[in-house]
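For reference, the chains in residue letters:
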Amino acid sequence: MAAGRRLSQLCSLPRWALRRPLLLCAQRGYRGDSPSDSGKDVLEIPLPPWQERPDEPLPTKRARLLYESRKRGMLENCILLSLFAKENLNRMSERQLNLYDRLINEPSNDWDIYYWATEAKPTPAVFENEVMAMLREFAKNKKREQRLRQPDLEYLFEPPR
């Protein structure tokens, strides 16, 4: 019975409406006047606090930071930080590696790191250091390189230049 009603509704529609069957299927849509979000359904999962790893060997730290630079959870930072890591991790001192480790692992929101690197928001004093300055300079892309994806990992097996 419901199918017959649907068919009669379709037959009574103007010809232009029949050319757009997708619009007929959509019973709900975005009207632009959604109610304000109460936030009651948001579950805040606390992240464990960042801890420095003073006894971690440098090759292990570099490998871990390379991995963590590539696996961020948002594409913008995956691309930005993985390319930055490729260019800079092998040249960084132990102190700089620790600063970079703190920068990419202490903030709970990856968008903050992205906004600080692109200077869309001011960097908090605790993260304002030489590594943040290097990242900001890298994000400016003065060489106008095409940065559309993460680097392949083959460069790890090339002899150092």
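Above this text is the structure in question.
Read on for a plain summary of the structure. Treat the numbers as computed from the prediction; the structure is a model and nothing was measured. (Residues numbered from 1 in each chain as written. Predicted model: local features only at pLDDT ≥ 70, side-chain atom pairs only at ≥ 80, totals over all residues. Heavy atoms only, no water.)

Section: the side chain of Asp-101
By secondary structure assignment, the location of Asp-101 is in helix 6 (residues 94–105). At 2.6 Å, the side chain of Asp-101 forms a polar contact with the side chain of Asn-105. Aside from chain neighbours lying at most four places away, what touches Asp-101 is Trp-50, Lys-61, Arg-64, Leu-65, Glu-68 and Glu-106. (Helix = DSSP H or I, 4+ residues; strand = E, 2+ residues; numbered from the N terminus. Polar contact = N/O pair within 3.5 Å; in protein donor to acceptor, adjacent residues only side chain to side chain. Contact = heavy atoms within 4.5 Å.)

Concerning the packing of helix 6 against helix 8 (residues 130–140)
Two elements in contact, helix 6 and helix 8, have axes separated by 8 Å at closest approach and are oriented at 70 degrees. Put simply, helix 6 runs roughly perpendicular to helix 8. Residues Arg-95, Gln-96, Leu-99, Tyr-100 and Leu-103 of helix 6 lie in contact with helix 8, whose contacting residues are Glu-130, Val-131, Met-132, Met-134 and Leu-135. Of the residues that constitute the contact of helix 6 with helix 8, the class distribution is seven nonpolar, one polar and two charged. (Axes fitted to C-alpha atoms, helices over the stretch in contact; angles between N-to-C directions. Parallel < 35°, antiparallel > 145°, perpendicular 65-115°, else oblique. Nonpolar A, V, L, I, M, F, W, Y, C, P; charged D, E, K, R; others polar.)

Points about helix 7 (residues 110–117)
All of the buried residues in helix 7 are Asp-110, Ile-113, Trp-116 and Ala-117. Taken down its axis, helix 7 places every buried residue within 125 degrees of arc, on the same side. Tucked inside the fold, the buried residues of helix 7 contact helix 5 (75–88), helix 6 and helix 8. At the N-terminal boundary of helix 7, the capping side chain belongs to Asn-109, with an oxygen 2.9 Å from the backbone nitrogen of Trp-111. Glu-119, located one to two residues past helix 7, shows a positive phi value of around 60 degrees. (Buried < 20%, exposed > 50% of the residue type's maximum accessible area, 1.4 Å probe, protein only. Arc of directions from axis to C-beta.)

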